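Topology and contacts: notes
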Amino acid sequence: MIEFRDVHKSFGDLEVLKGINLKIEKGQVVTLIGPSGSGKSTILRCMNLLERPTSGTVLIEGTDITEPKTDIQAIRKNIGMVFQHFNLFPHMTVMENMTYAPMKVNKVEKSAAEAKAMELLKLVGLTEKADAYPGKLSGGQKQRIAIARALAMEPQIMLFDEPTSALDPEMVKEVLEVIKNLAHTGITMALVTHEMGFAREVADRICFIDGGYILEDSTPEEFFANPKTDRAKSFLEKVL
Ligand code: ADP
Ligand code: MG
């Protein structure tokens, strides 16, 4: 579903990704972990070309999205992204936030878009907030809406970049619960997180990133019990 072949990315003189090779199969849940500044967000952002690799190839369902002739908007429709900060449209209600892109981009009828939105609000436990404005929601509620809004486009891929890092501790769980329920429903997920317990529980694979490389790519059991590199060992000592 997602494949990186020798992806490099530089910002000016700073080479942030130094040759990333990665293959994520359909329906897999892959967690990227590693120190701050190691390139995790950049990897995620290369998956939908929010960042363009300096060299190398990124394939989404076999399509090379780094090819200039690829219709990246068409690819992006199929990739939902949830950020640390929720990026809801503040002047729109929850319902409007959720139906805007499906109606505008996918040309879904208003009634169908609203029905789908209600179904997703039920999934994230917030049906009573349909008419609320984002400003009236807690951080955890905003993030659950952001996830539901991404799902309204019926993407095959969901990218999460530290979805709980900006939340107060008591709200982390409700958001992780939503993501957990989404995992292994067939949707392909790449997730950057510092929640090690969550990564261990939910991920099929853990990729440990440091210094612009994937230093380890293994199952959670293997990674947490027997990290192979000293860098991963010292990272885990700090965060566990
Ligand atoms: P992580 O998500 O692992 O914390 P990032 O992928 O955000 O790391 O960033 C990796 C490195 O690239 C950092 O040193 C960061 O400062 C740098 N970087 C990220 N985005 C940009 C950008 N748009 N311009 C310049 N430098 C950037
Ligand atoms: Mg980041």
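Parameters at a glance
Residues numbered from 1 in each chain as written. Chains lettered and ligands numbered in written order. Predicted model: local features only at pLDDT ≥ 70, side-chain atom pairs only at ≥ 80, totals over all residues. Heavy atoms only, no water. Near = heavy atom within 4 Å. Polar contact = N/O pair within 3.5 Å; in protein donor to acceptor, adjacent residues only side chain to side chain. Areas by Shrake-Rupley, 256 points an atom, 1.4 Å probe, with all protein chains shown as cover. Helix = DSSP H or I, 4+ residues; strand = E, 2+ residues; numbered from the N terminus. Phe/Tyr/Trp six-rings, centres within 6.5 Å; stacked < 30°, edge-to-face > 60°. Buried < 20%, exposed > 50% of the residue type's maximum accessible area, 1.4 Å probe, protein only. UniProt positions renumbered as here; feature names shortened; annotations may be inferred. Pairing = 2+ DSSP bridges.

Quick look at the site of ligand 1
For ligand 1, the full set of nearby residues is Phe11, Leu14, Val16, Pro35, Ser36, Gly37, Ser38, Gly39, Lys40, Ser41 and Thr42. For ligand 1, an oxygen atom lies 2.7 Å from a polar atom in the backbone of Gly37. Between ligand 1 and Thr42, the relevant distance is 2.5 Å, taken from an oxygen atom to a side-chain nitrogen or oxygen of the residue. Calculation on ligand 1 without its partners gives an accessible area of 560 Å², and the protein chains cover 60% of this total. When residues of the shell around ligand 1 are traced back to their parent elements, those giving at least two are strand E2 (14-24) and helix H1 (40-46).

Focus: the packing of aromatic side chains
Counted according to the given criterion, the structure contains 4 aromatic pairs. Ring centres of Phe89 and Tyr100 lie 5.8 Å apart, and the angle between their planes is 70°; this geometry places the pair in the edge-to-face category. Highlighted residues: Phe89 in the loop between strand E6 (79-82) and helix H3 (94-104) and Tyr100 in helix H3, separated in sequence by 11 residues. On the basis of relative accessible area, Phe89 is assigned to the partly exposed category, the value being 31%. The class for Tyr100 is partly exposed, based on a relative accessible area of 38%. Judged by centre distance (5.4 Å) and plane angle (50°), the rings of Phe208 and Phe235 are tilted. With a gap of 27 residues between them, Phe208 in strand E9 (residues 205-210) and Phe235 in helix H9 (residues 230-239) connect regions that are remote in the sequence. The class of Phe208 is buried, set by a relative accessible area of 0%. Residue Phe235 is classed as buried on the basis of its relative accessible area of 8%. Here the aromatic residues Phe208, Phe223, Phe224 and Phe235 are joined through ring pairs into a cluster of three or more.

A few points about the environment of Arg76
Tracing the sequence through the fold places Arg76 in helix H2 (residues 72-76). Here Arg76 falls in the partly exposed class, since its relative accessible area comes to 25%. Considering only alpha carbons, one finds Arg76 and Ser38, 38 residues apart in sequence, at a separation of 25 Å. Separated by 3.1 Å, the side chain of Arg76 and the backbone oxygen of Leu49 make a polar contact.

Focus on the side chain of Gln143
Of note, Gln143 is situated in helix H5 (residues 139-151). Classification of Gln143 by relative accessible area gives buried; the value is 0%.

Structural notes on the UniProt feature "domain: ABC transporter" (unreviewed entry) in the protein
UniProt's entry tags residues 2-236 with the feature "domain: ABC transporter" (unreviewed entry), counted in the numbering of this structure. Helix makes up 36% of residues 2-236 and strand makes up 26%, while its end C-alpha atoms are separated by 27 Å.

A word on the pairing of E6
Burial along E6 is two-sided: Ile79 and Met81 facing one way and Gly80 and Val82 facing the other are all buried. Note: E6 against strand E7 (residues 157-161), 4 bridges, orientation parallel. Looking at E7, one finds that Ile79 is bridged to Ile157.

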